[in-house]
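# Understanding the architecture of this molecule
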Amino acid sequence: MKFSIKNLWALSLVALACTNNSGNTTTPPVVPPGAIGYVSAPAFPNLKFNDPVELVNAADGSNRLFVVEQAGIIRSFDATTDAKSAALFLDITGKVKSGGEMGLLGLAFHPDFKTNGLFFVNYTRDNPRQSVIARYKVNDPANGVADPQSEKILLTYDQPYANHNGGTMHFGPDGFLYIGTGDGGSGGDPKNNAQDKTSFLGKILRIDVNSNVDGKNYGIPSTNPFVNHQNDDLKEIYAYGMRNPWRMSFDPATKKLWVGDVGQNAIEEIDIIVSGGNYGWRLKEADKCYNPKNNCQQPGLIDPVLQYPHTENNISITGGYVYRGKKLPGLVGKYVYGDYVSGRVWALEIPDNGPAKNALLVERVGSISTFGVDEQNELYIVNYSDGKLYQLKAK
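Reading the values: the criteria
- Residues numbered from 1 in each chain as written.
- Predicted model: local features only at pLDDT ≥ 70, side-chain atom pairs only at ≥ 80, totals over all residues.
- Heavy atoms only, no water.
- Phe/Tyr/Trp six-rings, centres within 6.5 Å; stacked < 30°, edge-to-face > 60°.
- Helix = DSSP H or I, 4+ residues; strand = E, 2+ residues; numbered from the N terminus.
- Buried < 20%, exposed > 50% of the residue type's maximum accessible area, 1.4 Å probe, protein only.
- Lys NZ or Arg CZ within 6 Å of the ring centre and 35° of its normal.
- 1 Å grid on protein atoms, 1.4 Å probe; cavity = no way out; pocket = protein on both sides within 12 Å on 5 of 7 lines; lining within 4 Å.
- Points joined across faces, edges and corners; volume = space filled by probe spheres on them.
- Nonpolar A, V, L, I, M, F, W, Y, C, P; charged D, E, K, R; others polar.
- Pairing = 2+ DSSP bridges.
- Axes fitted to C-alpha atoms, helices over the stretch in contact; angles between N-to-C directions.

### Points about the packing of aromatic side chains
A full pass over the atoms with the stated rule returns 21 aromatic pairs. A centroid spacing of 6.0 Å and a plane angle of 20° characterise the contact between Phe119 and Tyr136, whose relative ring orientation is stacked. Residue Phe119 is found in strand E9 (residues 118–125), and its partner Tyr136 is found in strand E10 (residues 130–138); the two are separated by 17 residues along the sequence. Both residues of the pair, Phe119 and Tyr136, belong to the buried class. Measuring from ring centre to ring centre gives 4.5 Å for Trp258 and Tyr335, while their planes differ by 15°; the resulting arrangement is stacked. Here Trp258, found in strand E17 (residues 257–261), pairs with Tyr335, found in strand E23 (residues 335–339); they are 77 residues apart in sequence, far enough to count as distant. Grouping residues by exposure puts Trp258 and Tyr335 together as buried. Joined through ring pairs, the aromatic side chains of Phe66, Phe89, Phe109, Phe113, Phe119 and Tyr136 make up one cluster. Between the NZ or CZ atom of Arg243 and the centre of the ring of Trp281, over which it lies, the distance is 5.7 Å.

### A closer look at the layout of surface pockets
Its volume calculated, the largest pocket comes out at about 700 Å³. Taken together, 26 residues form the lining of the largest pocket, with Asn57, Ala59, His170, Phe171 and Phe250 sitting closest to its centre. Broken down by secondary-structure element, the contributors of at least two residues to the lining of the largest pocket are strand E4 (52–57), strand E8 (104–109), strand E12 (169–171) and strand E22 (317–322). Counted by class, the lining of the largest pocket contains 16 nonpolar, five polar and five charged residues.

### Some words on the sheet that holds strand E24 (residues 345–349)
Pairing in this open sheet of four strands is antiparallel, and the strands run E22-E23-E24-E25 from one edge to the other. Only two strands of the sheet have a single neighbouring strand rather than two, namely E22 and strand E25 (357–362). Neighbour to neighbour, the strand axes of the sheet diverge by 25° on average, direction disregarded. Where E23 and E24 come together, four bridges link them in antiparallel fashion. Bridge pairing in E24 places Val336 opposite Ala347.

If you want it as structure tokens, here you go:
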């Protein structure tokens, strides 16, 4: 994610290059002026947050939404339009190194949060600079706030540079915790971490938070793709070859895992993650050779399901959600995502047969740091710059 980039606005529309796993590329038509069928509007006009980077619900029947502020604070509120304030849920600013692309970056509630009060966070700390995956507890899940003294660190891994920390986390339909990690930063993945299966960096990890093995505060799912390797490959790895996965989500209907992976200098991409998949970085940036500059193809590399070039100020993808709500029937089954810098939001549809279809939904939503859904699967857009949450509405 590029939080330090100044947000600029482009006036024209863009055609995105779309690729499937067979390498065939199509270019969806540009949406003509006036054809955009949606507008964005504040979802909770009375609420404003400081540098919000994540929005999740606890799936506990409380109708609460939880906003992660980058400095190390989580706030919660009842997801009603007239919500007046957001209560403090957790403050760990004393533990978090924040600024640029560092901070409190991820939040995931245990599938049984309603009864056990457990949730998990992903943050960066300093001295040494590391990403931390930690568990916290709420003593009264229905009404209480988190106990800041309840931290149990599950996993840490060093960050050689201050950027590309990933940070996204979600529990999958299998009950395991999936964690997106960046390649470690700098530029061009100088240590080739994303292709190194002995490194936690540039990966999608999968762990079992309900067990403890080999002295760890978590377990390794027996179906993880490298669990039986006799070499030094990390058994936590579910997929690799990622640059900086900035927001991922599961489609509740198909169970597919979607990721927006931020590009280097030229291309942004969307991937559907499969067990053991290699998504190419740094060999490739999307479907184009990066390092080496030519002849980068090797067996098994998976191309994005969609990619777009750095044109018209679209230069930093923010992954979203497959829409499964009821308020916007025209978007059901489509993957809604955006660009942090241009403020545009699109909907991607991948038919069973034929090329992908990509439609521009709205422009100038702001610095889109993340998307989120409530317990009814209604979609929200988070604007990092003004601290507000937005919804799409049909014209």
